[in-house]
Amino acid sequence: MSTDFFYYIYITGKYVFFIYGLLLILIYGAGIILSNRAVSRNKKRSIFLQVNDIVSATDIPSVTLVAPAYNEGRTIVENVKSLLAIQYPFYDLIIVNDGSTDETMELLIDKYKLKSYDTTFNTQPIPTATVNRIYKSEKAQYKHLTVIDKNNGGKADAINAGINFAESELILCTDADCIIEQEALLKMVRPYLEEADQEIIACGAAIGIANDSVISNGTLKELRLPKNLIPMIQVVEYIRAFLIGRMGWGEVNGLMLVSGAFGMYPRNRLIEVGGYNPNTVGEDFDLCVKLRAHMELINKPYKVVYVPETLCWTEAPSDYAIFIKQRDRWARGLFETLMFHRKLFFNPKYRNDGLFFIPYWFFFEFAAPIVEFVGFIFLIIFGIFGFINWSTAILLFLIVYLFGCIFSTISILFYVKNFKHYSTSKQITELLLAAYLEPFLYHPVLVYAQIKGYYKILFDIKSGWGIMKRRGFNTTG
Amino acid sequence: MIETLLFGFIKLLLVILVMLWIIIGVSIIYRRRRTRKLQLIETTFADVISKFLYPLPGENIDHIYIQRRFRKIGVIDSKPKNVQYLIDLMIRTQRSLLGINYEKLVILFTQIPPYGASASKINSRKWYIKARGIREIYEMNQIRYVKQIIKESNNVNIYVRREAQIALVIFLGWESLRFLSYLKRKMTLWQQIKIVEKLHDLHPKPNLKYLQRAYGSDKTYANELVMRIIRKFNLITEIDYILKHIDNFNFETRESAIYCISSFYLSEEQLIVLKEKFFNIPKTAQQILLMKYIDKISFEKDLVFYKKLLNSSNELISLSSAEILWNNGFQEEVQEFYYGQYSRHPINVLDSV
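About the cut-offs
- Residues numbered from 1 in each chain as written.
- Chains lettered and ligands numbered in written order.
- Predicted model: local features only at pLDDT ≥ 70, side-chain atom pairs only at ≥ 80, totals over all residues.
- Heavy atoms only, no water.
- Helix = DSSP H or I, 4+ residues; strand = E, 2+ residues; numbered from the N terminus.
- Rg over C-alpha atoms; globule rule 2.2 N^0.38 Å.
- Buried < 20%, exposed > 50% of the residue type's maximum accessible area, 1.4 Å probe, protein only.
- Areas by Shrake-Rupley, 256 points an atom, 1.4 Å probe, with all protein chains shown as cover.
- Lys, Arg positive; Asp, Glu negative; His and termini not counted.
- Charge placed at Lys NZ, Arg CZ, Asp CG, Glu CD.
- Contact = heavy atoms within 4.5 Å.
- Pairing = 2+ DSSP bridges.
- Core = buried A, V, L, I, M, F, W, Y, C linked by side-chain atoms within 4.5 Å.
- Expected span 1.5 Å × (residues − 1).
- Bend = angle between axes of the 7 residues up to and from the residue.
- Axes fitted to C-alpha atoms, helices over the stretch in contact; angles between N-to-C directions.
- Parallel < 35°, antiparallel > 145°, perpendicular 65-115°, else oblique.
- Left-handed = near helix turned anticlockwise from the far one by under 90°.
- Nonpolar A, V, L, I, M, F, W, Y, C, P; charged D, E, K, R; others polar.

*Asks:* Quick question: what am I supposed to make of the overall build of chain A here?
*Replies:* Looking only at helices and strands, chain A has 15 helices and 13 strands in total. On C-alpha atoms alone, chain A measures out to a radius of gyration of 23 Å, which is about the 23 Å that the 2.2 N^0.38 rule sets for 477 residues. Overall, the C-alpha framework of chain A stretches about 80 × 50 × 45 Å when taken along its three principal axes. Within chain A, buried positions represent 57% of all 477 residues. For chain A, the exposed surface amounts to about 20300 Å²; the carbon and sulfur share of it is 60%. When the 47 positive and 45 negative side-chain charges of chain A are each reduced to one mean point, those points stand 3 Å apart.

*Asks:* Explanation requested: the overall build of chain B in the structure shown.
*Replies:* What chain B contains, in helices and strands, is 19 helices and 0 strands. By the compact-globule yardstick of 20 Å for 353 residues, chain B is too spread out, its C-alpha radius of gyration being 31 Å. For the C-alpha atoms alone, the extent of chain B along its principal axes is close to 95 × 80 × 40 Å. The buried share of chain B, reckoned over its 353 residues, is 47%. Contacts in chain B between residues far apart in sequence, at least 24 positions, make up 66% of those at least 6 positions apart. Summed over its atoms, the accessible surface of chain B is roughly 19100 Å², and 58% of this surface lies on carbon and sulfur atoms. In chain B, 52 side chains carry a positive charge and 34 a negative one; their mean positions are 16 Å apart.

*Asks:* Could you clarify how one ought to interpret the side chain of S408 of chain A in this entry?
*Replies:* With respect to the element layout, S408 of chain A can be found in helix 13 (residues 390-418). Aside from chain neighbours lying at most four places away, what touches S408 of chain A is V236, R240, A435 and E438 of chain A.

*Asks:* I would appreciate a short explanation of the sheet that holds strand 7 (residues 179-180) of chain A in the present structure.
*Replies:* Strand pairing in a sheet relies on backbone hydrogen bonds. The paired strands run either parallel or antiparallel. Residue and element names in this part refer to chain A. Judged by pairing direction, the sheet is mixed, and its 10 strands sit side by side in the order 3-4-5-2-1-6-11-8-12-7 without closing on themselves. This sheet does not close on itself; its edge strands, each paired only once, are strand 3 (114-117) and strand 7. The pairing of strand 2 (residues 91-98) with strand 5 (residues 145-150) spans 6 bridges and is classified as parallel. Bridged to D98 within strand 5 is K150.

*Asks:* Looking at this structure, I do not really get the nonpolar core. What am I missing?
*Replies:* The tendency in soluble globular proteins is for nonpolar side chains to be buried side by side. I95, L145, F262 and Y422 of chain A are the most contacted members of the largest nonpolar core, which totals 139 residues. If we skip the residues at most four places from it in the chain, Y422 of chain A touches I209, L223, L225, V235, I239, W313, Y415, V416, Q427, I428 and L431 of chain A. In terms of nonpolar packing, the next biggest core, distinct from the first, is built from 74 residues, V169, L180, Y241 and I261 of chain B among them.

*Asks:* What exactly am I supposed to notice about helix 14 (residues 425-441) of chain A here?
*Replies:* Along an α-helix, a turn takes 3.6 residues, which lines up residues three or four apart on a common side. With 17 residues, helix 14 of chain A extends 23 Å between its outermost C-alpha atoms, agreeing within 8% with the 24 Å of an ideal straight helix rising 1.5 Å per residue. The sharpest bend along helix 14 of chain A reaches about 25° and sits at A435 of chain A, with the proline P439 of chain A one to four residues further on. For helix 14 of chain A, the complete set of buried residues consists of Q427, I428, L431, L432, A434, A435, Y436 and E438 of chain A. On the buried face of helix 14 of chain A, the contacting elements are helix 8 (229-251), helix 13 and helix 15 (443-458) of chain A together with helix 1 (2-53) of chain B.

*Asks:* Looking at this structure, I do not really get the packing of helix 15 (residues 284-297) of chain B against helix 17 (residues 315-327) of chain B. What am I missing?
*Replies:* Residues and elements named next belong to chain B. Orientation of helix 15 relative to helix 17, taken along the N-to-C sense of each, is 15°, at an axis distance of 10 Å. Relative to helix 17, the element helix 15 lies roughly parallel. Judged by the sense of rotation from one axis to the other, the crossing of helix 15 with helix 17 is right-handed. On helix 17, the residues that touch T284, Q287, I288, M291 and D295 of helix 15 are L316, I317, S320, S321 and I324. The class makeup of the residues in the contact of helix 15 with helix 17 is 5 nonpolar, 4 polar and 1 charged.

What is shown is where atoms sit, not what they do.
Rendered as structure tokens:
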């Protein structure tokens, strides 16, 4: 009886895992086809709206870049310099000092000759932690810079403060420690200029990893591949996620996430949905879902788009400890957001969002590490009981591994064909090797971090954002 | 049996993987060679064009010589990518030329390998080739193709019709505005911006006859375009058209109207109309923008208007009004309003206990 029961569980589990894996492979395959179409169309379209045309145009939407900073004293001056160098005719920069306990604020005041101004009547459509002072530079060359000094309230709260004080039509949210390409805004604003039938409620772009690259005067001078294997694998992971994943979803207007490190939104829509949610660590995912749900409810056609070019460079975690902290946080953010928006789940009122996209996120993003973890336990238990045919199992593992290698290789191929960042044979070979080592040296740690994140949520273990130690970029000049 | 099947499948996946490696390798090699080729075309073009436009005494560079030079480096009909690159170089160059040299380059464009390359693109079934052809035609001022381009101004593809409409503005100037009422499809913001800019750069003298013909259009994009033109050309006599749309039902149209009116100073009568329309605007953010504008252009502050706003149930409007009053010397009114709130809602300590 008990053997029959075990056998029944074994057979059921086997087919569930098989079907789940097959569906994932099919989704990735569809993603490749869709993203190929999207990237090539994007390339064709870009001929008709070149950045030079936008630079010289009047009447284009104004943009405010909002960057929160918390204890960034080590890099803040250089980072603000980089953000001020961005080319755009109607551009403001708001740095929000989110109650830093180091010398961030003092450095900004000193370097950029900041002076506080009267804020008695400033309105705050989105409630935030107390804003202490607003600073503007006395120097003409920094006239586009505003610094908000506020009490600590977290990243989301800091960005909300920036959104409140911005006066532009579009808001670009980023992190103060990101290196942004000088032409980034000109490229990001394109979809807003070109779309007529649907309103663009969010626009993202690919984010690249700049560990061990050369930064001079706040701009990326020489892109190098990270020397360390962990960030190198993340380069492949980012290429795959942005080029295949996000571009593919963008093609079916199914993008539910625009990365918090680099996303552009219309200010009026941000205010309508109350800005970022400070009660989750997945505030970027939450915002995008919230915006989409809002547009569905007011019944306005909308679109979330992705620019395939890498316009923002960031420093990736370079050791396992920091990496686990980051991914644990991302997993918690995902969990929290799906919980906050559970009313969308299979709700036809939210059309595709409710019927397809949110269920996808639940079953294939949220559940994937759980399925993997359970699968691992399943393998051990049924292996001990002698149910597993090991030679078949190893062959199946090999097939899954090869599929992973093929997907990563296709992403790298797309990148080589369409972009020039990693163009030497040596760099490509290194990326391919990193991709092939990913399932052994990286993926198990990733699953561990995600499960850890879920565990924390389930057992209400307070964790917040955590501190991500950065080594800083190589700077010259 | 299953294992044999799996082995076969693994072999297939390995073959795919190896093929991908080969494609990556070929792509890297192709890119390197292509970059070298393009550099060669670019340097040859720079050399030939500088000699053609600025010949040394006694040096006579004719079209046949230029054709031969380009042919030698592979700019021939059977290599359309090279021809396209040459066209792109010519377009890039003409943007920085004026007068006789510009004319010479435009003539050269029709004489050397591309010949009618751009014109033939208009007949292509692919949208991006068609749109590119139109773009090249207007960039190189090939006005003789205008009739073919007019047909494309209502094309289903947004890029084709955009390029066609820009071409019409370039070739026909203000007269092209008469097509506005016949356009069936939406215009993007970029389309409007580009049309206004081309009109301003190439036809700086306004012709109100054609502009006013477009006033009757009920299409929102036409209204927005007309308002942008009024703003760009600073057409003070046409401000009433913008005023008419300040409280339009469409958010985007209102947004354009507020943006456009902001660059004008208004007469007393117009200001009164604007203040009346202010209360019809359903969006607070737009109302606040308008309040700031009214404050900027008013010589005398309308205390009645601002006090009415100060008492508004909308806190943002009330606060913005308070700011304007405070900064214009009406501190007492603001203080009175805020202190008055305490007496209006006295706190009953006993109740709260």
